[in-house]
Amino acid sequence: MERIPLCIPALGDEEVNAVEEVLRNGWLAHGPKNHEFEELFQKHLNVKHAITMNSCTSALHIALEALNIQGEVITPSFTWVATVNAIILAGATPIFVDIDKNTRNISPQAIETAITDKTEAIMVVHYGGLPADMPAIIKIAQKHNLRLIEDSAECLGATYNDIQVGTYDMGCFSFFPTKNITTGEGGMFTTNDDALARRIRTLIAHGIDSTTFAREKAEKPWLRIASQYGYNFRMSNVLAAIGAEQMKKLNTLNAARQHIANCYIQRLSKNAQIGLHHIPKGFTHSWQMFTILVPQNVRDPLLAHLREQQIEASVHFDPPVHQQEPYHDIYQATPLDNTNLVSASLITLPIFPTMTENQVARVCDTLLSYPGLQ
């Protein structure tokens, strides 16, 4: 029986050749390929600054630290722990709020209710490839003078009214192998704020204002002077070479994901017990994940059945962050009914650019023939 994986990275000869070029020229640390990758990213998102990093988690962390945010940051509990870890490790306090059941995204109404005089920022998570309700969230942020950080790890290429996610204030992207493009491990920070971009570039490079690549053009390239404390959150030239080639393929890769998603929707939409991801008018979905909701009493045995049939379905995310032991002390006991319901009802089905219609058909046939869904 053929195994259908949850995801397969779409890599080709272009990425292999780009990495070989870097290995042969010997410039392995942050260098020319980072600049190429960043320029391609800036152009695609129509944003002034794109800064390569070693992970999306680092981007989230450094966004808070660069702005000296030490108060409360509103965020969903329905997310990967990295979102919340970044807030805590930057010295701020996460405030969990609920999501909308149908979009799986943070609820603007819940954000408004959670704002206090200690609130300094909102960290939005765009779930699975669908942008959150940014028009409503932007109004809230502007009304209360809050900074807006977009955890866009799962949403590269998605839009609201043709505006790309990650461009409203600060965007943080992931290039993990399951994402829309990959560098293996890696991330990107985006902003239109010139001063913030300068601070970010310094903070991620040990507090040194200039890169090795830039210093090579200086009169005294050996001088490396720190202006402040900093981290090493940089991406290597090797990984950036992969990213640059992947970025050139983004539209094609996302179109392939859209086709697979359409095949799923066509086959599953008639079953009343399966809840598909709702896409509001004006939003485009980049389909980093394809998720469904099923009855809670069916979810776990159905998931086990799919995996027994060599279909590598999973769950993103169960348990939600507030239910996990390290975070119990920071949970404010705010009702998170939709978060609890969705995390206990959700299944993530395989989706990747090279997935075939026959594979989609097999996944759907296995689902629809399960007794609990009939």
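Conventions we followed
Residues numbered from 1 in each chain as written. Predicted model: local features only at pLDDT ≥ 70, side-chain atom pairs only at ≥ 80, totals over all residues. Heavy atoms only, no water. Helix = DSSP H or I, 4+ residues; strand = E, 2+ residues; numbered from the N terminus. Buried < 20%, exposed > 50% of the residue type's maximum accessible area, 1.4 Å probe, protein only. Salt bridge = Lys/Arg side-chain N within 4 Å of Asp/Glu carboxyl O.

A.B. asks: For this particular structure, what's the right way to read unusual backbone geometry?
C.D. replies: A negative phi angle characterises most non-glycine residues, just as the trans form characterises most peptide bonds. Residue Phe317 is reached from His316 by a cis peptide bond, and omega for that bond is 20 degrees. Position of Phe317 among the secondary structure elements: in the loop between α11 (296–308) and α12 (337–345). The omega torsion across Asp318 and Pro319 is 0 degrees, close enough to zero to call that bond cis. Relative to the elements of secondary structure, Pro319 occurs in the loop between α11 and α12. The phi dihedral of Asn145 falls on the positive side, at around 55 degrees, and the residue is not glycine. We classify Asn145 as exposed; its relative accessible area is 71%. Phi at Asn161 is positive, roughly 45 degrees, even though this residue is not glycine. Among the secondary structure elements, Asn161 is positioned in the loop between β6 (159–160) and β7 (163–164). Owing to a relative accessible area of 46%, Asn161 belongs among the partly exposed residues under this scheme.

A.B. asks: Just to check I follow, could you spell out the pattern of salt bridges for this structure?
C.D. replies: Two side chains carrying opposite charge are able to pair once their charged atoms lie near each other. Counted under the stated rule, the structure contains 16 salt bridges. Two residues, Lys249 and Glu14, come together in a salt bridge whose shortest N-O distance is 3.0 Å. Linking Lys249 in the loop between α9 (237–248) and α10 (250–268) with Glu14 in helix α1 (residues 13–25), this pair joins segments that are 235 residues apart in sequence. Judged by relative accessible area, which is 41%, Glu14 ranks as partly exposed. Two residues, Lys33 and Glu36, come together in a salt bridge whose shortest N-O distance is 3.2 Å. Of this pair, Lys33 and Glu36 both sit in helix α2 (residues 32–45), 3 residues apart, roughly one helical turn. The class for Glu36 is partly exposed, based on a relative accessible area of 24%. Connected through salt bridges with shared partners, the residues Glu21, Lys33, Glu36, Glu245 and Lys248 form a single ionic network.

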